[in-house]
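Close look at the chain arrangement
This is what each chain is made of:
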Amino acid sequence: MALQPQPTAGAPAPGTRCWQGRAHPGYQNMVGPFGGVTAAQALNAVLQHPDRLGEPVTLTVNFAAAVDPATPFRLEATPARTNRSTQHWTLRMLQPDAHGADQVVLTGSAVTAVRRDTWSATDAVMPQLPPPDAVAPTPWGGPIPWIQRYDFRLCEGSLPQHWDGSEADSLTRLWLRDEPPRPLDFCSLTACADAFFPRVWRRRALMTPIGTVSMTVYFHASRAELAATGTGHLLGQARAQSFFNGYFDQSAELWNPAGHLLATTHQIVYFKE
C-alpha cells in the first residue's frame with residue numbers, strides 16, 4: 001500500500017497533497033483490484049498527510065471505475081476544513097486513459113479527530129463463536145488472488161453448495177486476518193471491512209456479477225486498541241437489509257477477540273441481472 005509523494009498538477013485546492021501508487025497484483029479481483037485494499041490506499045493518503053489532525057473516525061469511498069492494475073494512479077487528499085478537534089477531508093484517485101487524460105476512478109471523504117476520554121459504551125452484542133484456533137481455515141480455492149491474502153475461518157453462512165437460485169438468509173459470521181499475518185492498523189482494518197463475499201450470492205445462490213459502488217467505514221477504536229489486537233483474528237459479521245432493482249446493501253461489524261468493537265461498515269453494491 002506504499003504511496004509516493006507527487007507534485008500537484010494544475011491548481012489544486014489549498015492543502016492538497018498528491019501521492020502516486022499502484023494496485024498490487026496480489027490483491028487482484030475479478031475486475032480490477034479488491035475494493036477493500038483500494039479503500040485502504042485512499043485512507044493511507046490521509047494518514048500520510050503532514051497536516052493531518054487526529055485519527056480516523058469515518059471514511060467513505062465511491063468507486064467510479066475499476067482501477068487499472070497496470071497503470072500508476074494519483075491520489076489527492078485535501079483537508080477541506082480543520083476545526084479545533086476534527087478535520088474533514090476530500091479524496092480523489094485518478095488514472096490516465098488511453099490518451100493520457102486523467103480520469104477519476106474514486107472519490108471519497110474522511111473525518112479525522114482528536115478523541116477525548118469520555119463515557120463510552122457498546123450496545124452491539126458480539127456474536128458467540130468458537131475461538132479462531134478451534135475453527136479450521138476455509139479453503140476458498142479459485143483463481144482470484146486477493147482471497148489468498150486473508151486467513152478466513154468461516155463459522156456460519158457459507159457460500160452456497162449448489163448455485164441453483166435457492167434462497168437463504170444473508171448472514172455470515174467468520175474469523176479473518178491478513179495472510180501472512182501483520183499487526184492491525186487503520187489501513188488493514190479498512191480492507192478487512194470489505195472482505196466478505198457478496199451478500200446476494202449467499203441470499204440467492206446465483207453467481208451474478210457485482211461491484212461495490214460506495215462503502216463507508218466507521219472506526220470505533222484508537223491506534224492503541226488496534227495495536228493491542230496485534231496479529232490476532234477479527235470476528236466479522238455481515239448481512240444485507242435489502243435487494244432492490246439491481247442494488248443491495250451490506251452492513252458488517254468487526255470485533256477483536258477481546259470483545260472490542262473496532263469498526264462498523266455499510267456499503268451499497270450493484271448486481272447484474
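See the structure printed just above.
Cut-off values and rules
- Residues numbered from 1 in each chain as written.
- Predicted model: local features only at pLDDT ≥ 70, side-chain atom pairs only at ≥ 80, totals over all residues.
- Heavy atoms only, no water.
- Phe/Tyr/Trp six-rings, centres within 6.5 Å; stacked < 30°, edge-to-face > 60°.
- Helix = DSSP H or I, 4+ residues; strand = E, 2+ residues; numbered from the N terminus.
- Buried < 20%, exposed > 50% of the residue type's maximum accessible area, 1.4 Å probe, protein only.
- Lys NZ or Arg CZ within 6 Å of the ring centre and 35° of its normal.
- Patch = residues over 30% accessible without salt bridge, like charges linked within 9 Å, V, L, I, M, F, W, Y side chains within 5 Å.
- Areas by Shrake-Rupley, 256 points an atom, 1.4 Å probe, with all protein chains shown as cover.
- Salt bridge = Lys/Arg side-chain N within 4 Å of Asp/Glu carboxyl O.
- Disulfide = S-S within 2.5 Å.
- Core = buried A, V, L, I, M, F, W, Y, C linked by side-chain atoms within 4.5 Å.
- Contact = heavy atoms within 4.5 Å.
- Lys, Arg positive; Asp, Glu negative; His and termini not counted.
- Polar contact = N/O pair within 3.5 Å; in protein donor to acceptor, adjacent residues only side chain to side chain.
- Pairing = 2+ DSSP bridges.

With respect to the packing of aromatic side chains
Using the criterion set out here, one finds 12 aromatic pairs in the structure. Measuring from centroid to centroid gives 5.6 Å for Phe186 and Phe219, while their planes differ by 90 degrees, and the two rings are edge-to-face. Taken as a pair, Phe186 in helix H2 (residues 186-192) and Phe219 in strand S9 (residues 210-219) lie far apart in primary sequence, 33 residues in all. For Phe219, a relative accessible area of 2% gives the class buried. A connected cluster of aromatic rings, assembled from ring pairs, spans Phe34, Trp140, Trp146, Tyr150, Phe152 and Phe197. Lying across the ring of Phe197, Arg199 places its NZ or CZ 4.7 Å from the centre.

Here we look at a nonpolar patch on the surface
Together, Val213, Tyr247, Ile268 and Tyr270 make up a nonpolar patch on the protein surface, roughly 320 Å² of accessible area in all. Relative to the elements of secondary structure, Tyr247 occurs in strand S12 (residues 247-255). Among the residues examined, Tyr247 registers a relative accessible area of 40% and is labelled partly exposed.

A few points about the state of the cysteines
Tallied over the full model, the rule gives 0 disulfides. Cys18 takes part in no disulfide bond, and the closest cysteine sulfur, belonging to Cys187, lies 18 Å away. In this structure Cys18 comes out as buried when scored by relative accessible area, which is 3%. No disulfide involves Cys155; its sulfur sits 15 Å from that of Cys192, the nearest cysteine.

Focus: the nonpolar core
Among the nonpolar cores identified, the biggest contains 52 residues, and Phe34, Val61, Trp146, Tyr150, Phe152, Leu176 and Leu189 are the most heavily contacted of them. By residue number, the principal contributor to this core is helix H1 (residues 35-47), which donates 8 residues. Excluding residues that lie within four positions of it along the chain, Phe152 makes contacts with Ala136, Pro137, Thr138, Trp140, Trp146, Ile147, Leu174, Trp175, Leu176 and Ala195. Within the second largest apolar cluster, 7 residues are counted, among which are Met126, Leu129, Trp175 and Leu261.

Describing the side chain of Glu253
Take Glu253: it is sitting in strand S12. Here Glu253 occupies a buried position and makes no salt bridge, while the nearest side chain of opposite charge, Arg239, is found at 4.3 Å. In terms of polar contacts, Glu253 uses its side chain to reach the side chain of Trp255, at 3.2 Å. Once you skip the residues sitting within four places of it in the chain, Glu253 turns out to touch Phe196, Leu235, Gly236, Gln237, Arg239, Leu261, Ala263 and Thr264.

Details of unusual backbone geometry
With an omega of 0 degrees, the peptide bond between Glu179 and Pro180 qualifies as cis. Structurally, the position occupied by Pro180 is in the loop between strand S8 (172-178) and H2. Of note in the backbone geometry, Asn245 takes a positive phi value of approximately 50 degrees without being a glycine. Here Asn245 shows up in the loop between strand S11 (243-244) and S12.

Considerations on the pairing of S8
Counting buried residues in S8 gives 5 out of 7 residues, a clear majority hidden from the surface. Where strand S7 (residues 150-156) and S8 come together, 6 bridges link them in antiparallel fashion. Its bridge partner being in S8, Tyr150 is matched across the sheet by Asp178.

Regarding the pairing of strand S5 (residues 86-96)
In this sheet, S5 lies alongside strand S4 (residues 73-82) in antiparallel orientation, the contact comprising 8 bridges. Note that in S5 the partner of Glu76 across the bridge is Arg92. Of the pairings in the sheet, the one linking S5 to strand S6 (residues 102-113) comprises 11 bridges and is antiparallel in character. In the sheet register, Pro96 faces S6, and the bridge partner there is Asp102. Counting the residues that bridge the hairpin from S5 to S6 gives 5 residues, and of these Gly100 lies at a positive phi of roughly 85 degrees.

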